[in-house]
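Each chain, written out:
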Amino acid sequence: MKLLDGKTLSEQIKAEIAREVKENFLDKGLNAPHLAAVLVGEDPASQTYVANKEKSCREVGFMSSVYRYPANISENKLLEVVDFLNNDQDIDGFIFQLPLPAHIKEHKVIEKINPLKDVDGFHPSNTGRMMLNLPCFLPATPFGIMTLIERYGIETAGKHVVVLGRSNIVGTPVSLLLSRKSVHANATVTLCHSYTRDIKKYSLEADILIVAMGKQGFVTADMVKKDAVVIDVGMHRVPASDTKSGFRLKGDVDFAEVSRKCSAITPVPGGVGLMTIVALLQNTLKAAKKEIK
Ligand SMILES: NC(=O)c1ccc[n+]([C@@H]2O[C@H](COP(=O)([O-])OP(=O)(O)OC[C@H]3O[C@@H](n4cnc5c(N)ncnc54)[C@H](OP(=O)(O)O)[C@@H]3O)[C@@H](O)[C@H]2O)c1
């Protein structure tokens, strides 16, 4: 079994980005790419994700800023924040750490982001361009998964990819990217969700199984074909008394048993999560280079 090691790969790509920042920005007297994140409320997981993004920015030589607001901020005020970030010439790209509090309509905030600064790739303009295979910012998690597949040389053409979960940020876009007519794609894709009857029937047919359900340990060895490639997107904080943080990260796949049956698998932590952050850095670099017109 091969471990699809997001840690090693993300470090390698970060080194490539750092080199590009030095050569194409700093050595030419230009400002380093600048990523801003907006964090609303005090959710511990969101705080950790934003802190990790800041740390990664520092590692590659990006500038980063975090705009923090209380959970009771009004929707109008947050839309003003979007205006401010859209107009700030010093910021190349920005993200809103999701989820936002329930009283704020996420789609309203996202639709107001300038698509050229939408480095999370959630704006409908980027989503539509992705659908049409036009230059765009790909959503970070699917982009990270595609990079992992590409860099590990996982053959996708003609393979049966089964995706469990159809969220707008993971399952649906990754199924689209893998089914389209292009290199590192050309797969036959089945997209499963909560209305799928007999999910195991499909998962057992998968040459490549991508799991993004938000159900910890859902995929067990009996659901996986021998020698399949398994990509676990799930991320769950499970209480653990023996760790400093008091929790341990677990995925949607039962790693211990599935890893004995498959040919390759992403660990949690150390898999897709790290590739997601790297994808965000890659998008920010693209934004700073004005690659998307
Ligand atoms: N590693 C990363 O960087 C990263 C990034 C994003 C998300 N995540 C993690 O990935 C997981 C999924 O998140 P998400 O935002 O993509 O998904 P989500 O919005 O929570 O949606 C879950 C999807 O799974 C389907 N589903 C749930 N239970 C099911 C069941 N018992 N049988 C069949 N389908 C089922 C749902 O079907 P319906 O559509 O029918 O409801 C839905 O499409 C979470 O653990 C999240 O924390 C990780």
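Residues numbered from 1 in each chain as written. Predicted model: local features only at pLDDT ≥ 70, side-chain atom pairs only at ≥ 80, totals over all residues. Heavy atoms only, no water.

### Re the packing of aromatic side chains
Tallying each qualifying case throughout the model produces two aromatic pairs. Seen from their ring centres, Tyr67 and Phe84 are 5.9 Å apart, and the 70° between their planes marks the pair as edge-to-face. Of this pair, Tyr67 sits in strand S3 (residues 63-69) while Phe84 sits in helix H3 (residues 75-87), and the two are 17 residues apart along the sequence. Relative accessible area serves as the criterion here: at 42%, Phe84 is assigned to the partly exposed category. Here Phe94 and Phe96 contribute two aromatic rings whose centre-to-centre distance is 6.3 Å and whose plane-to-plane angle is 65°, an arrangement assigned as edge-to-face. (Phe/Tyr/Trp six-rings, centres within 6.5 Å; stacked < 30°, edge-to-face > 60°. Helix = DSSP H or I, 4+ residues; strand = E, 2+ residues; numbered from the N terminus. Buried < 20%, exposed > 50% of the residue type's maximum accessible area, 1.4 Å probe, protein only.)

### Some details on the sheet that holds strand S11 (residues 264-265)
The six strands lie next to each other as S1-S11-S8-S7-S5-S6, forming an open sheet whose pairing is parallel. Each edge of the sheet is formed by a strand with only one pairing partner; in this case those strands are strand S1 (2-3) and strand S6 (188-192). Against the sheet, helix H7 (residues 171-179) touches strand S5 (160-164), S6 and strand S7 (208-211), its axis set at about 170° to S6. (Pairing = 2+ DSSP bridges. Contact = heavy atoms within 4.5 Å. Axes fitted to C-alpha atoms, helices over the stretch in contact; angles between N-to-C directions.)

### A closer look at the site of the ligand
Lining the immediate environment of the ligand, one finds 21 residues, of which Arg166, Ser167, Ser194, Val233 and Thr276 sit closest. His193 is positioned with one of its backbone polar atoms (N or O) 3.5 Å from a nitrogen atom of the ligand. Within the contact set of the ligand, a nitrogen atom lies 3.3 Å away from a backbone nitrogen or oxygen of Val233. In isolation the ligand exposes 920 Å². Once the protein is present, 71% of that is buried. Ranked by the residues each element gives to the shell around the ligand, the list is headed by helix H10 (residues 272-288), at three residues. Considering only residue class, the shell around the ligand consists of nine nonpolar, ten polar and two charged. (Near = heavy atom within 4 Å. Polar contact = N/O pair within 3.5 Å; in protein donor to acceptor, adjacent residues only side chain to side chain. Areas by Shrake-Rupley, 256 points an atom, 1.4 Å probe, with all protein chains shown as cover. Nonpolar A, V, L, I, M, F, W, Y, C, P; charged D, E, K, R; others polar.)

### Considerations on the pairing of strand S8 (residues 229-232)
Covered by surrounding structure in S8 are Val229 and Ile231 together with Val230 and Asp232, the residues of both alternating faces. Pairing of S7 with S8, which is carried by four bridges, proceeds in the parallel orientation. Bridged to Ile210 within S8 is Ile231. Sheet topology note: the S8/S11 ladder contains two bridges and is parallel. Bridging across to S11, Val230 finds its partner in Ile265.

### Remarks on unusual backbone geometry
Trans peptide bonds make up the majority, and among non-glycine residues the majority have a negative phi. Following Leu98, the chain continues into Pro99 via a peptide bond in cis, with omega recorded as 0°. Counting through the fold element by element, Pro99 comes out in the loop between strand S4 (93-96) and helix H4 (106-112). Following Val268, the chain continues to Pro269 via a peptide bond in cis, the omega torsion being 0°. Inspection of the secondary structure assignment puts Pro269 in the loop between S11 and H10. Positive phi outside glycine occurs at Asp198, with the angle close to 55°. On the secondary structure map, Asp198 appears in the loop between S6 and helix H8 (199-203). A positive phi angle, close to 55°, is found at Lys290, a residue other than glycine. Within the secondary structure, Lys290 is located in the segment after H10. Here Lys290 falls in the exposed class, since its relative accessible area comes to 52%.

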